[in-house]
Amino acid sequence: MRITIGLAQIYPKLGDIQHNLAAHLQTIAAAREQGVDLLVFPELSLAGYQVQDLVPEVSLRSDASDAVFAELLAASADIDLVVGFVHEDKRKRFYIANAYLSAGAVLHIHHKLYLPTYAMFDESRYFAQGNSVRAFDTRFGRLGMLICEDFWHVSPAWLLWLDGADMLILNSSSPSRGLNEGDRLGGTRWVELVNQAYGSMFTAYVLHCNRVGYEDGKNFWGGSSVVDPDGEFMTRGLYFDEALITQEIDLNQLHRTRARLPLLRDERPGLVRRELGRILSENLG
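Here the residue numbering is sequential within each chain, running from 1 through the sequence in written order. Side-chain atom pairs in this predicted model are given and counted only at pLDDT of 80 or more, local residue features only at pLDDT of at least 70, and totals for whole chains, interfaces and linings cover all residues. To obtain the side-chain values, all non-hydrogen atoms of the structure were included, while hydrogens and water were left out.

Caption draft 1: Layout of the pairing of strand 7 (residues 141-147). Categorising residues by exposure relies on relative accessible area from a 1.4 Å probe, with only protein chains included: less than 20% of the type maximum marks a residue as buried, more than 50% marks it as exposed, and the intermediate range marks it as partly exposed. Only DSSP runs of H or I covering at least 4 residues are called helices, and only runs of E covering at least 2 are called strands; the numbering of each starts at the N terminus. For strand 7, the buried fraction is high: 5 of the 7 residues fall into the buried class. Of the pairings in the sheet, the one linking strand 6 (residues 136-138) to strand 7 comprises 3 bridges and is antiparallel in character. Bridge pairing links Phe-136 to Leu-143 in strand 7. Note: two strands are recorded as paired if DSSP finds a minimum of 2 bridges between them. With antiparallel pairing between neighbouring strands as the criterion, strand 6 and strand 7 make up a hairpin whose turn holds 2 residues.

Take a look at the structure:
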């Protein structure tokens, strides 16, 4: 089965939901014309990243009772979407979230697990932490979603792999930082190495969409990419500029890679559970 992935490397306008919604709908229309089956937007694509005290004003409910979500759900009738937003739950808590939309329905919501609060980041001051990481079924198979700092920790990606995810969707608002002697920023190189590592270790497709533009002195580098189950880049680059990046992938590659490299077959989660229990017991004892 072959499908076409779209990565919507956009420049959201901070705090302007209507502007960002219009940009989403325009990009969805362009992706539809190019035959995209699954379109991924960056982290907080509907709100902008540095929302801080604007969090309650830009938060959304994840159903058709919310006017913004109603338009996105309608747009997902014939193209699957991953959108980033501030999610307000029933108890009025706010999360950095992704929603997977398909055929007019929300298939899955992921709340960001790890909220960076160091250096230039201050997320835990404004957002609640997510508390679950689960794969989910789609018309393209079983997928998993992670947001930015989530995929700098190996355990969420490993759990999604064990839970049946054959594609890992990673999106981010990753700022430019860390000059080095190479042709890319140090932070850029780190993210790209992690993406390749996850593709090869988990013999899975890795779809990464990162935003571009400026906010409050921060520059976001883009560089969205697709990594195949062998850990090779199928597409990457396009740094700093807005772009709709498309890439066809062959889901049969999962069969070929896992026949050659049966890492999933030989994984031992029971061993991990036992040893993790021991480590926790010893550290708490």
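Caption draft 2: Fine view of helix 4 (residues 154-162). Along helix 4, the residues classified as buried are Pro-156, Ala-157, Trp-158, Leu-160 and Trp-161. At the exit of helix 4 stands Gly-164, carrying a positive phi of roughly 105°.

Caption draft 3: Region of interest: a nonpolar patch on the surface. Patch membership needs two things, relative accessible area over 30% and no salt bridge, and members are linked within 9 Å if like-charged or within 5 Å if nonpolar (Val, Leu, Ile, Met, Phe, Trp, Tyr). The accessible surface values rely on the Shrake-Rupley method and a 1.4 Å probe; as for residues, cover is taken only from the protein chains in view. One speaks of a salt bridge when a side-chain nitrogen belonging to Lys or Arg is within 4 Å of a carboxyl oxygen belonging to Asp or Glu. Residues Val-272, Leu-276, Leu-280 and Leu-284 make up a contiguous nonpolar surface patch of roughly 390 Å² in combined accessible area. Leu-280 gets classed as partly exposed once you look at its relative accessible area, which sits at 47%.

Caption draft 4: Just the pattern of salt bridges, in detail. All told, the structure shown has 21 salt bridges when counted by the stated rule. Residue Asp-80 pairs with Arg-139 through a salt bridge whose shortest N-O separation is 3.0 Å. Here Arg-139 lies in the loop between strand 6 and strand 7 and Asp-80 lies in strand 3 (residues 80-88), a separation of 59 residues in the sequence. Asp-122 serves as the salt-bridge partner of Arg-125, at 3.7 Å between the closest nitrogen and oxygen.

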